[in-house]
Amino acid sequence: MSRMISSGSSLNRRSLLLGTAGLVTAASAFRFPTPAIAQGAPLKVGFMLPYSGTFAKLGKFIDDGFRLYVEQQGGALGGRRIEFVQVDDESKPETATDNMNRLVGREKVDVVVGTVHSGVAMAMVKVARDTNTMLVIPNAGVNEATGPMCAPNIFRTSFSNWQVCEPLGKVMFDAGHRKVATITWRYAAGQQMVGAFGEGFKKVGGTVIEDLALPFPEVEFQALITRIATLKPDAVFAFFAGGGAVKFVKDYAAAGLNKSIPLYGAGFLTDGTIPAQGESANGLRTTLHYADDLDNPANRKFLADFKAKTGADGDIYAVQGYDAGALLHEGLKAVKGDWSARNDVVRSMRAARIDSPRGPLSFNAAGNPIQNIYLREVRNGRNELVSIAGQAVNDPARGCRVS
Ligand code: BEZ
């Protein structure tokens, strides 16, 4: 069951407001939102994130990262105070349209920040387009959001599914692997990441011998791990994240396959998960737009402040939330907090150049980040930088007509 939680600019006050009864059920049930944009009134940011289920920790870290950025600015962006409303989307595409309509239509938020799951994000993108609501995606990589469904009011501070996985094809080929099996959840993110990895791997001469998948968010991996042992590929590419990634990496090691068939993946396989994976994660190589030990001042400050605020080590999800705050700040700074000048807000956000903990961050015309993709290896309980697998990687934004 979806939950709406509200917290004002007093950052510690969180209370359960509503159940699912009485939801606005269709975009057509309201016209364009009429948010609280009077100067002086706080800008209302709606977090639509998973606060429960296999991606719960990811949602919390995005939320914490965004709030940290706002706190560092004294609680206001461009002079405009920020107020928060949260909805738990539970990573369920089937309730996503209702949840998004509730934030836009009933809560009258000015900006929606969400979400993690690609299928949920697709529903959010549709509502954002229909209602011209500003949407900042702080994780979900679904290619269409900054591809055929791109729009001036849609931004992403994370990655496209293509972007993080295509460079891994060459990395694995260069490591001597020629025949690879893939494994993932059967939904948009998994299928697109497997497709992008395959594109990069085949381009340099590799062969994908079998694609294995199970429904999201199932974690009964045993039959597929047995299949991998039978296939004996040179290596395996995997996409799992959150609780599913913890269990997969542990099960793979428990089956002894980590000794004979090297496991690689999109960096979500080991980001935010290493404490729970323990030794089974050691040595895993992945590609992502972040590494824990990136040695730049922005990352050092981010990690120190995040630890001080939450007691936890920052990860890619926290960085993406933090940068969503930074991106909104760019827009609001340009108009001195005047949200009614939204075209100028959008223009400034598209042109933003952010000194991110991940390194230089800018945006293409479709609103997707242009950023480095790093090869990392799990050592010393963290994802340590090995090399840059792709410099300033720009998603091709296939099908996007915004220029
Ligand atoms: C996705 O569904 O797009 C996704 C979920 C978790 C980590 C990365 C991507």
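Just so we're clear, the structure is a prediction, and the values are computed from it rather than from any experiment. (Residues numbered from 1 in each chain as written. Predicted model: local features only at pLDDT ≥ 70, side-chain atom pairs only at ≥ 80, totals over all residues. Heavy atoms only, no water.)

Considering helix 5 (residues 188-203)
Here is step 1: Counted at 1.5 Å a residue, the expected span for helix 5 with its 16 residues is 22 Å, and the 22 Å between its end C-alpha atoms agrees.
Here is step 2: Listing the buried residues of helix 5 in full gives Ala189, Gly190, Gln192, Met193, Val194, Ala196, Phe197, Gly198, Gly200 and Phe201.
Here is step 3: Contacts from the buried residues of helix 5 go to helix 3 (118-131), helix 4 (161-174), strand 9 (179-185), strand 10 (207-214), strand 11 (235-239) and strand 12 (263-266).
Here is step 4: Directly after helix 5, the chain includes Gly205, whose backbone phi takes a positive value near 115°. (Helix = DSSP H or I, 4+ residues; strand = E, 2+ residues; numbered from the N terminus. Expected span 1.5 Å × (residues − 1). Buried < 20%, exposed > 50% of the residue type's maximum accessible area, 1.4 Å probe, protein only. Contact = heavy atoms within 4.5 Å.)

Looking at the nonpolar core
Here is step 1: Of all hydrophobic cores here, the largest spans 100 residues; its most connected members are Met193, Phe240, Phe248, Phe268 and Leu328.
Here is step 2: Of all the elements, helix 10 (residues 316-334) adds the most residues to this core, at 10 residues.
Here is step 3: What Phe268 contacts, discounting residues up to four positions off in sequence, is Asn139, Phe159, Val164, Met193, Phe239, Phe240, Ala241, Ala245, Thr273, Leu288, His289 and Tyr317.
Here is step 4: Among the nonpolar cores identified, the runner-up in size contains 25 residues, and Met48, Val112, Ala121 and Met122 belong to it. (Core = buried A, V, L, I, M, F, W, Y, C linked by side-chain atoms within 4.5 Å.)

Notes on the pattern of salt bridges
Here is step 1: As enumerated under the stated definition, the model contains 21 salt bridges in all.
Here is step 2: The closest approach of N and O atoms between Lys247 and Asp251, which form a salt bridge, is 2.7 Å. Taken together, the residues span about one helical turn, with Lys247 and Asp251 both in helix 7 (residues 242-254) at a distance of 4 residues.
Here is step 3: The class of Lys247 is partly exposed, set by a relative accessible area of 29%.
Here is step 4: For Lys333, the salt bridge goes to Glu330, with nearest N and O atoms at 3.1 Å. Separated by 3 residues within a single helix, Lys333 and Glu330 lie in helix 10, roughly one turn from each other.
Here is step 5: The partly exposed category is assigned to Glu330, whose relative accessible area is 23%.
Here is step 6: One connected set of salt bridges, linked through shared partners, spans Arg285, Glu377, Arg379, Arg382 and Glu384. (Salt bridge = Lys/Arg side-chain N within 4 Å of Asp/Glu carboxyl O.)

Notes on unusual backbone geometry
Here is step 1: Going from Gly114 to Thr115, the amide bond is cis rather than trans, its omega being 5°.
Here is step 2: If you trace the backbone, Thr115 turns up in the loop between strand 6 (111-113) and helix 3.
Here is step 3: Omega for the peptide link from Phe216 to Pro217 comes to -5°, which places this bond in the cis form.
Here is step 4: Its location among the elements puts Pro217 in the loop between strand 10 and helix 6 (222-231).
Here is step 5: Positive phi is not limited to glycine here, since Ser91 has a value of about 55°.

Topic: the environment of Asp64
Here is step 1: Here Asp64 is to be found in helix 1 (residues 56-72).
Here is step 2: Owing to a relative accessible area of 5%, Asp64 belongs among the buried residues under this scheme.
Here is step 3: Separated by 244 residues in sequence, Asp64 and Ala308 place their C-alpha atoms 12 Å apart.

Points about empty space enclosed by the protein
Here is step 1: Applying the stated criterion across every chain yields a total of 1 cavity of 30 Å³ or more.
Here is step 2: Of the volumes computed, that of the largest cavity is approximately 80 Å³.
Here is step 3: Forming the walls of the largest cavity are 16 residues, and the residues nearest its centre are Val116, Asn139, Phe159, Met193 and Phe239.
Here is step 4: The residue makeup of the lining of the largest cavity, split by class, is 12 nonpolar, 4 polar and no charged. (1 Å grid on protein atoms, 1.4 Å probe; cavity = no way out; pocket = protein on both sides within 12 Å on 5 of 7 lines; lining within 4 Å. Points joined across faces, edges and corners; volume = space filled by probe spheres on them. Nonpolar A, V, L, I, M, F, W, Y, C, P; charged D, E, K, R; others polar.)

Some details on the site of the ligand
Here is step 1: Contacts to the ligand come from 15 residues, most closely from Val116, Ser118, Gly141, Tyr187 and Ala189.
Here is step 2: Note that an oxygen atom of the ligand is positioned 3.0 Å from one of the backbone N or O atoms of Gly141.
Here is step 3: One of the side-chain N or O atoms of Tyr187 is found 2.5 Å from an oxygen atom in the ligand.
Here is step 4: For the ligand, whose free accessible area comes to 260 Å², the fraction covered by protein is 100%.
Here is step 5: Among the residues making up the shell around the ligand, the classes are represented as 11 nonpolar, 4 polar and no charged. (Near = heavy atom within 4 Å. Polar contact = N/O pair within 3.5 Å; in protein donor to acceptor, adjacent residues only side chain to side chain. Areas by Shrake-Rupley, 256 points an atom, 1.4 Å probe, with all protein chains shown as cover.)

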